[in-house]
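# Close look at the chain arrangement
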Amino acid sequence: MTWLASLSAGVLVVGWLVVMLAIAAISRVAIRAIIPVAEHGSVASIAAPLMPALGATFAVLMALTLSSEAGYLRSAQDIVSLEAAAAARLAWASTSPGVHTEPIQSALDDYIRTTRSREWHGTSATEGDDPEAARALARLERVVRAEATRTNLGTPITTELLTALDSLSSERRARIAAASRTLPPLIIVTLIASGVALIINGGALVFRSSLRTSVLVVGLAVVVALSLALLFALTGPWEGPLVVSGKPLDTVVRDLQTGFFAR
(Lines give C-alpha, C1' and ligand atoms only; values in the text may rest on other atoms or scores of the structure.)
Protein backbone atom coordinates (compact mmCIF):
# COMPACT_ATOMS: atom_id res chain seq x y z
CA MET A 1 0.00 0.00 0.00
CA THR A 2 3.03 2.32 0.24
CA TRP A 3 2.86 3.17 -3.46
CA LEU A 4 -0.61 4.65 -2.96
CA ALA A 5 0.71 7.08 -0.36
CA SER A 6 3.39 8.28 -2.80
CA LEU A 7 0.84 9.47 -5.39
CA SER A 8 0.01 13.14 -5.80
CA ALA A 9 -3.12 14.62 -4.24
CA GLY A 10 -4.80 15.04 -7.63
CA VAL A 11 -4.19 11.43 -8.62
CA LEU A 12 -5.47 10.19 -5.25
CA VAL A 13 -8.67 12.22 -5.46
CA VAL A 14 -9.43 11.39 -9.10
CA GLY A 15 -8.46 7.74 -8.67
CA TRP A 16 -10.64 7.11 -5.64
CA LEU A 17 -13.54 9.04 -7.19
CA VAL A 18 -13.39 6.86 -10.29
CA VAL A 19 -13.20 3.65 -8.24
CA MET A 20 -16.03 4.49 -5.86
CA LEU A 21 -18.33 5.90 -8.55
CA ALA A 22 -17.72 2.78 -10.61
CA ILE A 23 -18.63 0.62 -7.62
CA ALA A 24 -21.83 2.63 -7.11
CA ALA A 25 -22.82 2.19 -10.76
CA ILE A 26 -21.89 -1.49 -10.95
CA SER A 27 -23.62 -2.35 -7.67
CA ARG A 28 -26.92 -0.93 -8.91
CA VAL A 29 -26.78 -3.00 -12.08
CA ALA A 30 -25.43 -6.13 -10.37
CA ILE A 31 -28.10 -6.15 -7.66
CA ARG A 32 -30.83 -5.84 -10.26
CA ALA A 33 -29.34 -8.73 -12.25
CA ILE A 34 -28.55 -11.05 -9.33
CA ILE A 35 -31.66 -10.75 -7.16
CA PRO A 36 -34.77 -12.47 -8.54
CA VAL A 37 -37.58 -10.15 -9.60
CA ALA A 38 -39.91 -11.69 -7.03
CA GLU A 39 -37.59 -10.59 -4.22
CA HIS A 40 -36.95 -7.03 -5.41
CA GLY A 41 -39.51 -5.67 -2.99
CA SER A 42 -37.77 -7.06 0.07
CA VAL A 43 -34.33 -5.62 -0.76
CA ALA A 44 -35.07 -2.16 0.60
CA SER A 45 -36.46 -3.55 3.86
CA ILE A 46 -33.20 -5.44 4.40
CA ALA A 47 -30.78 -2.76 3.20
CA ALA A 48 -32.39 0.21 5.00
CA PRO A 49 -31.65 -0.96 8.59
CA LEU A 50 -28.06 -1.73 7.58
CA MET A 51 -27.30 1.81 6.42
CA PRO A 52 -26.95 3.42 9.89
CA ALA A 53 -24.72 0.58 11.10
CA LEU A 54 -22.49 0.60 8.01
CA GLY A 55 -22.36 4.40 7.96
CA ALA A 56 -21.44 4.61 11.64
CA THR A 57 -18.78 1.90 11.25
CA PHE A 58 -17.12 3.65 8.33
CA ALA A 59 -17.37 7.08 9.96
CA VAL A 60 -15.91 5.97 13.30
CA LEU A 61 -13.08 3.95 11.75
CA MET A 62 -12.20 6.74 9.35
CA ALA A 63 -12.37 9.45 12.03
CA LEU A 64 -10.11 7.52 14.40
CA THR A 65 -7.61 6.70 11.63
CA LEU A 66 -7.50 10.24 10.25
CA SER A 67 -7.04 11.65 13.74
CA SER A 68 -4.19 9.22 14.38
CA GLU A 69 -2.48 9.99 11.07
CA ALA A 70 -2.83 13.73 11.59
CA GLY A 71 -1.20 13.26 14.99
CA TYR A 72 1.71 11.38 13.42
CA LEU A 73 2.12 14.13 10.84
CA ARG A 74 2.23 16.75 13.59
CA SER A 75 4.71 14.63 15.55
CA ALA A 76 6.93 14.30 12.48
CA GLN A 77 6.92 18.07 12.06
CA ASP A 78 7.89 18.47 15.72
CA ILE A 79 10.86 16.14 15.18
CA VAL A 80 12.07 18.29 12.29
CA SER A 81 11.72 21.39 14.44
CA LEU A 82 13.80 19.74 17.19
CA GLU A 83 16.42 18.75 14.62
CA ALA A 84 16.61 22.36 13.43
CA ALA A 85 16.88 23.57 17.03
CA ALA A 86 19.79 21.17 17.63
CA ALA A 87 21.49 22.45 14.47
CA ALA A 88 21.07 26.03 15.67
CA ARG A 89 22.54 25.16 19.07
CA LEU A 90 25.55 23.58 17.38
CA ALA A 91 25.98 26.65 15.17
CA TRP A 92 25.92 28.92 18.23
CA ALA A 93 28.27 26.61 20.15
CA SER A 94 30.76 26.89 17.30
CA THR A 95 31.05 30.64 18.02
CA SER A 96 32.35 30.07 21.56
CA PRO A 97 35.75 31.62 22.40
CA GLY A 98 38.66 29.54 21.12
CA VAL A 99 36.55 27.38 18.79
CA HIS A 100 37.35 27.23 15.07
CA THR A 101 33.97 28.38 13.83
CA GLU A 102 34.29 28.12 10.06
CA PRO A 103 34.99 24.35 9.72
CA ILE A 104 32.08 23.43 11.97
CA GLN A 105 29.59 25.77 10.32
CA SER A 106 30.74 24.71 6.86
CA ALA A 107 30.26 21.02 7.71
CA LEU A 108 26.88 21.78 9.32
CA ASP A 109 25.73 23.74 6.28
CA ASP A 110 26.78 20.90 3.98
CA TYR A 111 24.98 18.33 6.15
CA ILE A 112 21.68 20.21 6.23
CA ARG A 113 21.75 20.96 2.51
CA THR A 114 22.52 17.34 1.69
CA THR A 115 19.77 16.13 4.01
CA ARG A 116 17.21 18.42 2.43
CA SER A 117 18.13 17.49 -1.13
CA ARG A 118 18.83 13.77 -0.72
CA GLU A 119 16.97 12.55 2.36
CA TRP A 120 13.63 14.29 2.32
CA HIS A 121 11.49 12.27 -0.05
CA GLY A 122 11.04 8.66 -1.08
CA THR A 123 13.11 5.64 -0.08
CA SER A 124 16.10 7.61 1.21
CA ALA A 125 13.84 9.44 3.66
CA THR A 126 12.22 6.29 5.02
CA GLU A 127 15.38 4.17 5.20
CA GLY A 128 18.04 6.83 5.80
CA ASP A 129 20.41 5.03 3.45
CA ASP A 130 21.57 7.89 1.24
CA PRO A 131 25.38 7.66 1.05
CA GLU A 132 25.90 11.39 0.50
CA ALA A 133 23.88 12.29 3.59
CA ALA A 134 25.77 9.69 5.60
CA ARG A 135 29.11 11.11 4.46
CA ALA A 136 28.03 14.65 5.30
CA LEU A 137 27.00 13.56 8.80
CA ALA A 138 30.25 11.65 9.29
CA ARG A 139 32.25 14.72 8.24
CA LEU A 140 30.32 16.88 10.70
CA GLU A 141 30.90 14.34 13.47
CA ARG A 142 34.66 14.25 12.79
CA VAL A 143 35.02 18.01 12.63
CA VAL A 144 33.11 18.69 15.85
CA ARG A 145 34.68 15.85 17.83
CA ALA A 146 38.16 16.83 16.68
CA GLU A 147 37.48 20.37 17.83
CA ALA A 148 36.18 19.13 21.18
CA THR A 149 39.43 17.29 21.88
CA ARG A 150 41.50 20.48 21.83
CA THR A 151 43.04 21.01 25.24
CA ASN A 152 42.71 24.80 25.24
CA LEU A 153 38.91 24.61 25.23
CA GLY A 154 37.20 24.48 28.57
CA THR A 155 34.88 21.70 29.64
CA PRO A 156 31.68 23.80 29.29
CA ILE A 157 32.49 24.59 25.65
CA THR A 158 33.37 21.02 24.67
CA THR A 159 30.27 19.75 26.48
CA GLU A 160 28.07 22.23 24.63
CA LEU A 161 29.54 21.20 21.26
CA LEU A 162 29.15 17.48 21.88
CA THR A 163 25.68 17.80 23.41
CA ALA A 164 24.39 19.78 20.43
CA LEU A 165 25.99 17.30 18.01
CA ASP A 166 24.51 14.28 19.79
CA SER A 167 21.10 15.95 19.86
CA LEU A 168 21.28 16.63 16.13
CA SER A 169 22.21 13.02 15.40
CA SER A 170 19.47 11.68 17.69
CA GLU A 171 16.77 13.83 16.07
CA ARG A 172 17.91 12.63 12.64
CA ARG A 173 17.43 9.04 13.80
CA ALA A 174 14.01 9.96 15.19
CA ARG A 175 13.10 11.54 11.84
CA ILE A 176 14.13 8.42 9.91
CA ALA A 177 12.16 6.23 12.33
CA ALA A 178 9.08 8.43 11.90
CA ALA A 179 9.47 8.36 8.12
CA SER A 180 9.67 4.56 8.03
CA ARG A 181 6.34 4.13 9.79
CA THR A 182 3.46 2.91 7.61
CA LEU A 183 -0.23 2.38 8.21
CA PRO A 184 -0.97 -1.33 8.90
CA PRO A 185 -2.45 -2.99 5.78
CA LEU A 186 -5.31 -4.53 7.79
CA ILE A 187 -6.55 -1.07 8.76
CA ILE A 188 -6.47 0.05 5.14
CA VAL A 189 -8.30 -3.07 3.95
CA THR A 190 -10.95 -2.66 6.67
CA LEU A 191 -11.58 0.98 5.78
CA ILE A 192 -11.84 0.25 2.06
CA ALA A 193 -14.12 -2.74 2.68
CA SER A 194 -16.43 -0.74 4.96
CA GLY A 195 -16.62 2.08 2.44
CA VAL A 196 -17.39 -0.30 -0.42
CA ALA A 197 -20.04 -2.09 1.67
CA LEU A 198 -21.67 1.25 2.48
CA ILE A 199 -21.84 2.23 -1.19
CA ILE A 200 -23.17 -1.17 -2.28
CA ASN A 201 -25.82 -1.04 0.43
CA GLY A 202 -26.79 2.43 -0.75
CA GLY A 203 -27.05 1.11 -4.28
CA ALA A 204 -29.36 -1.65 -3.04
CA LEU A 205 -31.76 0.99 -1.71
CA VAL A 206 -32.14 2.75 -5.05
CA PHE A 207 -31.68 -0.04 -7.59
CA ARG A 208 -35.40 0.03 -8.43
CA SER A 209 -35.49 3.82 -8.66
CA SER A 210 -34.96 5.91 -11.76
CA LEU A 211 -31.45 6.79 -12.83
CA ARG A 212 -31.99 10.39 -11.71
CA THR A 213 -32.97 9.30 -8.21
CA SER A 214 -30.05 6.89 -8.06
CA VAL A 215 -27.66 9.84 -8.42
CA LEU A 216 -28.20 10.39 -4.69
CA VAL A 217 -25.80 7.52 -4.07
CA VAL A 218 -23.14 9.49 -5.93
CA GLY A 219 -22.83 11.85 -2.96
CA LEU A 220 -22.13 8.89 -0.69
CA ALA A 221 -19.50 7.56 -3.11
CA VAL A 222 -17.83 10.98 -3.30
CA VAL A 223 -17.58 11.27 0.50
CA VAL A 224 -16.05 7.81 0.77
CA ALA A 225 -13.62 8.52 -2.07
CA LEU A 226 -12.46 11.86 -0.64
CA SER A 227 -12.04 10.34 2.83
CA LEU A 228 -9.80 7.59 1.45
CA ALA A 229 -7.82 10.10 -0.63
CA LEU A 230 -7.22 12.23 2.47
CA LEU A 231 -6.16 9.18 4.46
CA PHE A 232 -3.49 8.18 1.93
CA ALA A 233 -2.32 11.78 1.62
CA LEU A 234 -1.70 11.88 5.38
CA THR A 235 -0.13 8.42 5.61
CA GLY A 236 3.21 9.25 3.94
CA PRO A 237 4.71 12.41 5.53
CA TRP A 238 7.91 11.93 3.52
CA GLU A 239 6.42 10.23 0.46
CA GLY A 240 2.98 11.60 -0.34
CA PRO A 241 1.54 15.02 -1.20
CA LEU A 242 1.61 16.25 2.42
CA VAL A 243 5.38 16.15 2.91
CA VAL A 244 6.71 17.40 6.23
CA SER A 245 8.00 20.94 5.88
CA GLY A 246 11.75 21.38 5.93
CA LYS A 247 11.49 25.13 6.48
CA PRO A 248 12.98 25.00 10.02
CA LEU A 249 16.17 23.47 8.61
CA ASP A 250 16.14 25.84 5.64
CA THR A 251 16.04 28.74 8.09
CA VAL A 252 19.20 27.44 9.79
CA VAL A 253 20.96 27.22 6.41
CA ARG A 254 19.92 30.78 5.60
CA ASP A 255 21.19 32.02 8.95
CA LEU A 256 24.50 30.24 8.37
CA GLN A 257 24.85 31.90 4.98
CA THR A 258 23.94 35.38 6.20
CA GLY A 259 26.34 35.25 9.15
CA PHE A 260 23.65 35.25 11.81
CA PHE A 261 25.63 32.62 13.73
CA ALA A 262 28.75 34.72 14.20
CA ARG A 263 30.82 35.99 17.08
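Further up the page is the structure itself.
Cut-offs used in this document
- Residues numbered from 1 in each chain as written.
- Predicted model: local features only at pLDDT ≥ 70, side-chain atom pairs only at ≥ 80, totals over all residues.
- Heavy atoms only, no water.
- Phe/Tyr/Trp six-rings, centres within 6.5 Å; stacked < 30°, edge-to-face > 60°.
- Buried < 20%, exposed > 50% of the residue type's maximum accessible area, 1.4 Å probe, protein only.
- Lys NZ or Arg CZ within 6 Å of the ring centre and 35° of its normal.
- Helix = DSSP H or I, 4+ residues; strand = E, 2+ residues; numbered from the N terminus.
- Salt bridge = Lys/Arg side-chain N within 4 Å of Asp/Glu carboxyl O.
- Patch = residues over 30% accessible without salt bridge, like charges linked within 9 Å, V, L, I, M, F, W, Y side chains within 5 Å.
- Areas by Shrake-Rupley, 256 points an atom, 1.4 Å probe, with all protein chains shown as cover.
- Polar contact = N/O pair within 3.5 Å; in protein donor to acceptor, adjacent residues only side chain to side chain.
- Contact = heavy atoms within 4.5 Å.
- Expected span 1.5 Å × (residues − 1).
- Core = buried A, V, L, I, M, F, W, Y, C linked by side-chain atoms within 4.5 Å.
- Axes fitted to C-alpha atoms, helices over the stretch in contact; angles between N-to-C directions.
- Parallel < 35°, antiparallel > 145°, perpendicular 65-115°, else oblique.
- Left-handed = near helix turned anticlockwise from the far one by under 90°.
- Nonpolar A, V, L, I, M, F, W, Y, C, P; charged D, E, K, R; others polar.
- Arc of directions from axis to C-beta.

So, on to the packing of aromatic side chains. Going through the model one piece at a time under the given rule, you end up with 4 aromatic pairs. Seen from their ring centres, Phe260 and Phe261 are 5.4 Å apart, and the 75° between their planes marks the pair as edge-to-face. When its relative accessible area of 4% is taken as the criterion, Phe261 is described as buried. Connected via pairs of aromatic rings, a cluster forms that spans Trp92, Phe260 and Phe261. A cation over a ring is seen here: Arg116 above Trp120, with NZ or CZ 4.8 Å from the ring centre.

Moving on to the environment of Arg173. Here Arg173 lies in helix α7 (residues 155-180). Taking the C-alpha atoms as reference points, Arg173 and Trp92, 81 residues apart in sequence, are found 22 Å from one another.

Scanning all chains against the criterion turns up 11 salt bridges. For the salt bridge of Glu83 with Arg175, the shortest nitrogen-to-oxygen distance reads 2.7 Å. One end of the pair, Glu83, is in helix α3 (residues 40-93); the other, Arg175, is in helix α7, and 92 residues separate them in sequence. By the burial criterion, Glu83 is buried, and Arg175 matches it. When the shortest N-O distance is used, the salt bridge between Glu119 and Arg172 registers 2.7 Å. Here Arg172 lies in helix α7 and Glu119 lies in the loop between α4 (101-118) and α5 (123-127), a separation of 53 residues in the sequence. Accessibility expressed as a relative area gives 0% for Glu119, which makes it buried. Taken together, the shared-partner salt bridges in this structure form one network comprising Glu83, Glu119, Arg172 and Arg175.

Residues Leu21, Val215 and Val218 make up a contiguous nonpolar surface patch of roughly 210 Å² in combined accessible area. One can find Leu21 in helix α2 (residues 9-34).

On the accessibility criterion, Glu83 (0% relative accessible area) is buried. Within the structure, Glu83 has its side chain in polar contact with the side chain of Arg175 (distance 2.7 Å). Discounting chain neighbours no more than four positions away, the residues touching Glu83 are Tyr111, Leu168, Glu171, Arg172, Arg175 and Leu249.

Before going further, it helps to examine helix α10 (residues 216-235). An ideal rise of 1.5 Å per residue puts 28 Å on 20 residues; α10 measures up with 30 Å between its terminal C-alpha atoms. Every buried residue of α10 is accounted for by Val217, Ala221, Val224, Ala225, Ser227, Leu228, Ala229, Leu231, Phe232, Ala233, Leu234 and Thr235.

Attention now goes to the nonpolar core. Among the nonpolar cores identified, the biggest contains 60 residues, and Trp16, Met20, Leu90, Leu108 and Leu140 are the most heavily contacted of them. Broken down by secondary-structure element, the contributors of at least two residues to this core are α2, α3, α4, α6 (131-148), α7, α8 (185-206), α10 and α11 (247-258). With residues near it in sequence (within four places) discarded, Leu140 still touches Leu90, Ile104, Ala107, Leu108, Tyr111, Leu165 and Leu168.

Glancing now at the environment of Val196. Along the chain, the position of Val196 falls in helix α8. In sequence terms Val196 and Ser170 are 26 residues apart; their C-alpha atoms lie 43 Å from each other. Those residues in contact with Val196 that sit more than four places away from it in its chain are Met20 and Ile23.

To continue, consider the packing of α2 against α8. The contact between α2 and α8 brings their axes to 8 Å, and the two run at 40°. Here α2 is positioned oblique relative to α8, judged by the angle of their axes. Two packed elements cross with a definite hand, and for α2 against α8 that hand is right-handed. Together, Trp16, Met20, Ile23, Ala24, Ser27, Arg28 and Ile31 of α2 and Ile192, Val196, Ile199, Ile200, Gly203, Ala204 and Val206 of α8 make up the contact between the two elements. Grouping the amino acids of the contact of α2 with α8 by side-chain chemistry returns 11 nonpolar, 2 polar and 1 charged.

Turning next to α6. Between its first and last C-alpha atoms α6 spans 26 Å; for 18 residues at 1.5 Å apiece the expected length is 26 Å, and the two agree. For α6, the full list of buried residues reads Ala133, Ala136, Leu137, Leu140, Glu141, Val144, Glu147 and Ala148. Taken end-on, α6 shows its buried residues confined to a sector of 140°, consistent with a single buried face. Opposite the buried face of α6, at more than 90 degrees from it, the exposed residues are Arg135 and Arg142.

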